[in-house]
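Examination of the molecular architecture
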Amino acid sequence: MATVEFIVPANWRTVAGGELGELRCSADTVGGALDWLTEAHPQFAARVYTGQGRLASWINIYVGEDDVRHLDGLDTPLSGDARLTVVPALAGG
Amino acid sequence: MVTIPAAEVQIGSSEEHMDGLTSVQHYGREWFEDESPQHRRAVATFAIDTYPVTNGEYLAFTEATGHRTAAELRGWGLVYGASYWEEREGACWRRPAGPGDSVQDRLDHPVVHVGHADALAYAAWAGKRLPTEAEWEYAAHGPQWRCWPWGAEWGPGFANCAEHWSGTAISDFAAWRSWWARRRAEHGETPATTPVGAFSPTGDSPFGVADLAGNVAEWTATTYHLYDRDRSYDPVYTMAAGRYMVVRGGSWKDFRFQVRTSERIAVDPVYSSFALGFRCAADLPLGSSPCAFS
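Residues numbered from 1 in each chain as written. Chains lettered and ligands numbered in written order. Predicted model: local features only at pLDDT ≥ 70, side-chain atom pairs only at ≥ 80, totals over all residues. Heavy atoms only, no water.

1. Quick look at the environment of Gln104 of chain B
Residue and element names in this part refer to chain B.
- In this structure, Gln104 sits in the loop between strand S6 (85–89) and helix H4 (116–125).
- For Gln104, a relative accessible area of 54% translates into the label exposed.
- In the structure, Gln104 is positioned 48 residues away from Gly56 in sequence and 8.5 Å away in space, judged by C-alpha atoms. (Helix = DSSP H or I, 4+ residues; strand = E, 2+ residues; numbered from the N terminus. Buried < 20%, exposed > 50% of the residue type's maximum accessible area, 1.4 Å probe, protein only.)

Listed below in C-alpha cells is the structure:
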C-alpha cells in the first residue's frame, strides 16, 4: 500500500469552490488512488473518467515523471511514497 | 498571407496585466502565471496566413493526399456535452458534432478536430509550416503589446468567443455553463465557428491578420516551456513543459479573457477537439534562394 500525494491543476480549486487542502490517500494502484480522489471530490469524476469509467482522453496522469498510459494505465502499481500529477490534456486558458 | 517584419517584441504578460486579470475573473493567478515574465524576443521576418485553415482547404488536402486524421482513425472526437467533454463516436473534422453533422455547408469555417500531427501534415503539403509561439503572439498584438489584437478594450463584434454569442460578459464557470446550456439547447453541439474573416476588419491585428482571438484555438510549432526556469509555476505546468505543445488564441467557446494575445495553452500533441484548429506560417522570402549571387 503506497502513500499517495495528488498534484492537481490550480483551476480545480475554483471548480471545487475553494481550497482543497492536502490530497493524500493510501492506494495500491493508480486506479485505486483516482477512485479515492473522485469519491472525496465527486466534482472531479467527470474530469478523470469517461462515462464508461475509463481514464478519459482529456486527462493525463503521471506517476513521478511517467505517463500511466505508458505503464499499466489504471492498473499501474504504486509503492512507497507516490506522487500523482493530474495534467489536463489541454491546460491553461 | 501577411508579411510580418522582423522586430524585437514584448512577449508574455506584464505584472500589471496579470494583477488586473486576476481581479476580474474566477481563476487564480497561478492559472495564468505561465504568461510571465514579460520579456523581449527577436523575431525574424516571416509570413502568416491571414485566416485559420478552413474546412474547404483541409478537404482539398485530404483529397490530394488521402490523409486521415487521428480522430478519424480512432473513430471518435472530443465534443463538449451537457456537462463536460465526451468522446463522441464519429466526431471528426468532417462531422464536428458527430453523426448527422457535416461541414459541407461550412467550408469557409476553420477546420477543427485536428491533432498537432494532422496540422503538420497539412502545412507540409501546403509548403508552409506552423508559426512559432513568438511569431503567433507578435502577429496578434503587433510591435506594441496589447491585450487583444484590436486593442485594450473589449467590445461586441470583435471576436467569436462565448461572450459574442451570449451577449453578456462571462466571468465565471457558472455563467459559462448557463450560456452553453442555452446554446446547446438551441443549436446542438455543432461548434459555433464562423466563416474566417467574419470579424474583419474590426477584430484584426495591427498587421491585418484575422481571427487571432477566438473562432478556433490554434496549434503552434513550439513545444511548451516555461518562460523563466527560476520562477515558481503551478506543478501541472512544470509537468507539461517539454511534453505538450503551445496552443494560442482561444476559441468560440472561451471567455474574453481566454482569447488574449498573450494567453498560453499547453496541449498534449495527440489532443484534438471541436474547438481546436490551426493556421500556417512561412519563412521569407517565399521560394527564393537565401543568397543573391548576381
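2. Re the sheet that holds strand S4 (residues 66–67) of chain A
Residue and element names in this part refer to chain A.
- Across the sheet, which stays open at both edges, the five strands sit in the order S2-S1-S5-S3-S4 with mixed pairing between neighbours. Two strands close off the open sheet at either side, each with one partner strand: strand S2 (24–27) and S4.
- As paired elements, strand S1 (residues 2–7) and S2 share four bridges and run antiparallel to each other. Bridging across to S2, Ala2 finds its partner in Ala27. (Pairing = 2+ DSSP bridges.)

3. Let's talk about the environment of Pro195 of chain B
Residues and elements named next belong to chain B.
- Summarising the element assignment, Pro195 is placed in the loop between helix H7 (173–187) and strand S7 (217–223).
- The class of Pro195 is partly exposed, set by a relative accessible area of 30%.
- As a C-alpha pair, Pro195 and Asp228 span 33 residues in sequence and 38 Å in three-dimensional space.

4. Comments concerning the side chain of His17 of chain B
Residues and elements named next belong to chain B.
- Here His17 shows up in helix H1 (residues 15–24).
- With relative accessibility at 14%, the residue His17 sits in the buried group.
- Those residues within four positions of His17 in sequence are excluded, and the remaining contacts are Glu35, Trp145, Cys147 and Arg260. (Contact = heavy atoms within 4.5 Å.)

5. Side note on the interface of chain B and chain A
- Opposite the 28 residues of chain B that make contact, chain A presents 28 residues.
- Interface area for chain B against chain A, summed over the two sides, is near 2,400 Å², with a carbon-plus-sulfur share of 61%.
- Run the count over chain B and chain A and you get three salt bridges.
- Across the salt bridge formed by Arg243 of chain B and Glu65 of chain A, the nearest N and O atoms sit 3.2 Å from each other. (Buried area = accessible area lost by both parts, 1.4 Å probe. Salt bridge = Lys/Arg side-chain N within 4 Å of Asp/Glu carboxyl O.)

6. Notes on the confidence of the model for chain A
- Per-chain confidence: chain A averages 93 in pLDDT, with 100% of residues scoring 70 or above.
- The least confident element of chain A, judged by mean pLDDT, is helix H1 (residues 11–16) of chain A at 81; the most confident is strand S3 (residues 59–63) of chain A at 98. (pLDDT = per-residue confidence, 0-100.)

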